[in-house]
Amino acid sequence: MTKPSLDHLLADLNEPQRRAVECPGGPLLVLAGAGSGKTRVLTNRIAFLIAAQGVKPHEILAITFTNKAANEMKERVESLLGPIARTMWVSTFHAACARILRKEAQQLGYQRNFTIYDAGDQVRVVKRCLKELGLDPKRFPPKGIHAVISSSKNRLVDAEAFSEMVENFFDDTVAKVYTLYQKKLFANNAMDFDDLLMRTVDLFQRFPDRLEHYQKSFRQILVDEYQDTNHAQYMLVNLLAKQHRNICVVGDDDQSIYSWRGADVRNILDFEKDYPEATVIKLEQNYRSTQVILSAANEVISNNSDRKAKELWTDLGEGEPVRVAEMDDEHAEARFVAGEISRLERDACFRAAEIAVFYRVNAQSRVLEDTLIRYGIHYRVVGGTKFYERAEIKDALAYLLALDNPSDSVSFNRIINSPKRGIGAASVTVLSRFADAEGTSMLEAAARAGDIADLRPAAVNAMAAFSATMSQLAESAKSAQVAEILEETLVNSGYLEALSAERTVEAEGRLENLQEFVGVAEEYDSLHPDGSLREFLQEISLYTDIDKMTEVEEAITLMTLHNAKGLEFPVVFIIGAEEGIFPHSRSMEEQNIEEERRLCYVGMTRARQRLYFTYTTTRNLYGSRNYNMASRFIGELPEDLVEFERSRTTHGRFSGGMTGRVRFDDDIGEVDEPATSDEPNFFNVGDDVVHATFGSGVVIGVERGGTVAVRFAADGSERKLMVDYAPLRKA
DNA sequence: CTAAACCGACTTTTT
DNA sequence: GTCGGTTTAG
């Protein structure tokens, strides 16, 4: 790869973009509106610094919020500069901190193989703390306590500082839990997500030479999505930038939607106060959406106070009006969306992959999914229950973590009786007490189960067997590749066998997930032939599903508005635009309307060509019926840019007989509704059916979501099957 | 110790 | 409506 010419790096940039790329150094604030080409500015700027300013790649620290964004940036810079770009630090805050902390672990008394606990693990530890302190989890909900601890860490308030500023009884209790919680993490040689940030700042403050070392080495620092940084992250970058003051932050205050996670818009709003000599550049030309969409979004967001004035514009042309549809209920809404999608694919030649539906809460996706299945529209859901949060994946992961870090008691507790080994809560408590008394890990204690007087013989045997399995696995883990270790673990632990023995549809799915996990490990092995289990775990622990979201199959995309940030689609539906849903009732209580409005702005500005809003007059959510008004955000749309329509429903018509084939054939979606009665994939209770594998049977139940329950003649087993996927037909 | 029954929570979640 | 956690019965 030859050096790119500077012209190449500056070509096709507009004036402000070019100024941002060329800015030689010093503090730089780029206010980048949605779709204004900020990623391009960021990558070209990095390349420019290296090619024209003589900055070495390893002197660059570029921070993004997702691994996906980091990888994309790395790739793009690499395509500009070639492999030397690989020595750059391009990563998330958490990954950068983990890297630093692994190197400096001894300074803080940690071992470098510390485990990183995710949110679920964290709550589990809090629960244990509550138990040990004899506190009632009803009065002190673990999740709530954890939230306080987490937000304290994000504000760099450690357990000690927290204890000193206690103001009431509740906080006093939290302080005790917080202190014990930290003690436990340390004993487990573990850190939680928030620790990664807080402890790195702590490291820098306690060991100035360490700070100086990193300050010196990072000559240029760039931070993306700066509006979403929390206090700890703010401190981190500002500490690191102190020496060279070459700090470039990019963001958009109008897209700050994570304040509830500790993000502080002040960080970006006050940048010019922090750095009075800062260069400020606004990117307002949008290369994504039609002018109608932008004008509508501008109008909505202008209802917010306390923002940096910004007005997006485009030369892509006016475009279609924003369409707003009122529907009777969530089913009609779903049918409207499905009908429009069919129409767009047929008449306007949009591909499924170009269409997305956004909603405020995950629970809204279910009805939509049911309907899409019935319409035969392929979809994929981003977010929701995440792959790495599924029980079986966490179990498998816990085995690997325990092999790598024997001190990790959270992982130990997870796997000691999974699969069932007859080691119940009582035995584990005894074991835990023994481990504490002896000052050893629980795994070590299990190996010495025979020495523990209070254990039942059966439990002793089970623990000895478990311990033997673990040491055998640890032994072979020394030389094997990750995928082999994983497979061996699943087999030798008996996990796979227990799952297979269940013979249920659920277990089937879990086995598939585990297979996929093995696939992930195989991919890692082939990508990193010299990798280790530890490095694999490191990568996995900071990984989320969104990272691997690629536009592969032809399917529409379903996700929450939060997950939509940073993405774009030619066609966007925002559903459930109702007071109480969006804006969400919780945010209204907390007076966070402005953040909801920013969320709306984010959603709208994802759309390239077509934008839809839908709302319903009545909605069933969480099992009860609600009557909502249209969202205030609908009212904030400029009338002349909107095309409004209402479902032409005759109210009160229901097709009777709840046999699982309830249909309302009375609204706009009607034209595209597939026929039900002669559908090949439609079954009623009592139908005789034949399955390719299981043989003949009878339908004993019809459920929502295109699922039928079938009892099979061969073995009398009852299975739930997806009619659209299962090889099932009427006899 | 395990399985069934029961109870209540439930916004969003880049790491 | 569903999940996860806790209680209770076997």
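The preceding data block contains the structure.
Reference entry: report on the structure contained in this document. Within each chain, residues carry numbers counting from 1 in the order of the written sequence. Here chains are named by letter from A upward and ligands by number from 1 upward, in the order in which they appear as written. This being a predicted model, a pLDDT of at least 70 is required before a residue's local features are given, and a value of 80 or more before pairs of side-chain atoms are given or counted; all residues contribute to the totals for chains, interfaces and linings. For the side-chain quantities, the full set of heavy atoms in the structure was used; hydrogens and water were omitted.

**A closer look at the overall build of chain A**
For chain A, the helix and strand inventory stands at 29 helices and 22 strands. Should any heavy atoms of two residues lie within 4.5 Å, those residues are considered in contact. Once local pairs closer than 6 in sequence are excluded, the contacts in chain A between residues at least 24 apart make up 73%. Accessible area for chain A stands at about 32,400 Å²; split by element, carbon and sulfur atoms hold 50% of it. Counting from the N terminus, the helices are DSSP H or I runs at least four residues long and the strands are E runs at least two residues long. For the area figures, the Shrake-Rupley method with a 1.4 Å probe applies, and any residue is considered shielded solely by the protein chains shown.

**Things to note about the protein's contact with DNA strand C**
Distances are taken per atom, and a residue is near a molecule or strand as soon as one of its heavy atoms is within 4 Å of it. With respect to spatial proximity, the complete set of residues near DNA strand C consists of Lys127, Arg366, Tyr622 and Gly623. Atoms of DNA strand C within 4 Å of the protein belong to the sugar or the phosphate in 33% of instances, the rest to bases. Polar contact criterion, stated in full: a pair of N or O atoms within 3.5 Å, where within protein one must be able to donate a hydrogen and the other to accept it, and residues adjacent in sequence count only if both atoms are side-chain atoms. At 3.2 Å from a base oxygen of DNA strand C is found a main-chain nitrogen or oxygen belonging to Tyr622.

**Quick word on the packing of helix H2 (residues 15-22) against helix H3 (residues 38-52)**
The convention used is that axes are lines fitted to C-alpha atoms, helices contributing only their stretch in contact, and that angles between N-to-C directions extend from 0 to 180 degrees. H3 packs onto H2 with a crossing angle of 40° between their chain directions and a minimal axis gap of 8 Å. Considered as vectors, H2 and H3 are oriented oblique to each other. Handedness of the H2/H3 crossing: right-handed. Taken together, the residues of H3 that come into contact with H2 (itself represented by Gln17, Ala20, Val21 and Glu22) are Val41, Asn44, Arg45 and Phe48. Residue classes follow a fixed rule: Ala, Val, Leu, Ile, Met, Phe, Trp, Tyr, Cys and Pro count as nonpolar, while Asp, Glu, Lys and Arg count as charged, and any other residue, Gly among them, counts as polar. When the residues that make up the contact of H2 with H3 are grouped by side-chain class, the tally is 4 nonpolar, 2 polar and 2 charged. When an angle is under 35 degrees it counts as roughly parallel; over 145 it counts as roughly antiparallel; between 65 and 115 it counts as roughly perpendicular; any other value is oblique. Left-handed is the label given to a crossing in which the near helix is rotated counterclockwise from the far helix by less than a right angle, and right-handed is the label when the rotation is clockwise.

**Digging into the packing of aromatic side chains**
Two rings from Phe, Tyr or Trp (for Trp, the six-membered ring) form a pair when their centres are within 6.5 Å of each other. A pair whose planes differ by under 30 degrees is stacked, one over 60 is edge-to-face, and the rest are tilted. If you walk through the whole model with that rule in mind, you get 19 aromatic pairs. When the centroid spacing of 5.1 Å and the interplanar angle of 75° are considered together, the rings of Trp89 and Phe218 count as edge-to-face. Of this pair, Trp89 sits in strand S3 (residues 89-92) while Phe218 sits in the loop between helix H11 (208-217) and strand S6 (220-223), placing them 129 residues apart in sequence. Residue Trp89 is classed as buried on the basis of its relative accessible area, which comes to 9%. On the numbers, 5.9 Å between centres and 70° between planes, the contact of Phe162 with Tyr178 is edge-to-face. Note that Phe162 is positioned in helix H8 (residues 159-164) and Tyr178 in helix H9 (residues 169-187), a separation of 16 residues in sequence. Like Phe162, the residue Tyr178 is buried in the burial classification. Among the aromatic residues, those joined into a cluster by ring pairs are Trp89, Phe204, Tyr214 and Phe218. Throughout this description, buried means an accessible area under 20% of the type-specific maximum (1.4 Å probe, protein chains only), exposed means over 50%, and partly exposed covers the range between.

**Examining helix H4 (residues 67-81)**
One fewer than the residue count of a helix, multiplied by 1.5 Å, yields its expected span. Here H4 spans 21 Å end to end across 15 residues, near enough to the 21 Å set by a 1.5 Å rise per residue. Elements that come into contact with the buried residues of H4 comprise helix H1 (6-10), H3, strand S2 (60-64) and S3.

**Notes on the sheet that holds strand S8 (residues 279-283)**
When DSSP finds two or more bridges between a pair of strands, those strands are recorded as paired. Pairing is parallel in the open sheet, where 6 strands are placed in the order S3-S2-S6-S7-S1-S8. The open sheet has two free edges, formed respectively by S3 and S8, since each of these has just one partner strand. Sheet twist, expressed as the average angle between the axes of neighbouring strands with direction ignored, equals 15°. The sheet contact formed by strand S1 (residues 28-32) and strand S7 (residues 247-251) spans 4 bridges and is parallel. Following the sheet pairing, Leu31 is matched in S7 by Gly251. Its contacts with the sheet put H4 on S2 and S3, and the angle it makes with S3 is roughly 160°. Its contacts with the sheet place helix H12 (residues 231-241) against S2, S6 and S7, and it is angled at close to 160° to S6.

**Remarks on the packing of H3 against H4**
The N-to-C vectors of H3 and H4 enclose an angle of 45°; their axes lie 10 Å apart at closest approach. Viewed along their axes, H3 and H4 adopt a mutual orientation that is oblique. Crossing of H3 against H4: the hand is right-handed. Residues Thr39, Arg40, Leu42, Thr43, Asn44, Ile46, Ala47 and Ile50 of H3 lie in contact with H4, whose contacting residues are Met73, Arg76, Val77, Leu80 and Leu81. Here the contact of H3 with H4 is composed, by residue class, of 8 nonpolar, 3 polar and 2 charged.

**Things to note about the pattern of salt bridges**
In the sections that follow, a salt bridge refers to a side-chain nitrogen of Lys or Arg positioned within 4 Å of a carboxyl oxygen of Asp or Glu. Scanning the model with the defined rule gives 49 salt bridges in all. Of the charged contacts, one joins Glu272 and Lys308 as a salt bridge, the two residues approaching to 2.5 Å between their closest N and O atoms. Taken together, the residues span a long stretch of sequence, with Glu272 in helix H14 (residues 271-274) and Lys308 in the loop between helix H15 (291-301) and strand S9 (322-327) at a distance of 36 residues. In this structure Glu272 comes out as partly exposed when scored by relative accessible area, which is 35%. Overall, the relative accessible area of 16% leaves Lys308 in the buried class. Arg608 is the salt-bridge partner of Glu568, the closest N and O atoms lying 2.2 Å from each other. Here the residue Glu568 occupies a position in the loop between strand S12 (556-560) and strand S13 (569-574), and Arg608 occupies one in strand S14 (residues 607-616), the gap between them amounting to 40 residues. Here Glu568 falls in the partly exposed class, since its relative accessible area comes to 35%. For Arg608, a relative accessible area of 27% corresponds to the partly exposed category. Members of the salt-bridge network, linked through shared partners, are Lys38, Asp224, Glu225, Asp228 and Lys565.

**Concerning the nonpolar core**
Among buried residues, those of type Ala, Val, Leu, Ile, Met, Phe, Trp, Tyr and Cys that are joined through side-chain atoms within 4.5 Å constitute a nonpolar core. By size, the foremost hydrophobic cluster in this structure holds 67 residues, and its most contacted members are Leu196 and Phe204. Leave out the neighbours within four places in its chain, and Phe204 touches Ile100, Arg210, Leu211, Tyr214, Leu236, Leu239 and Leu240. Counting residues in each nonpolar core, the second largest holds 52 residues, with Phe387, Leu397, Phe412 and Val460 among its members.

Nothing here speaks to function; it is geometry throughout.
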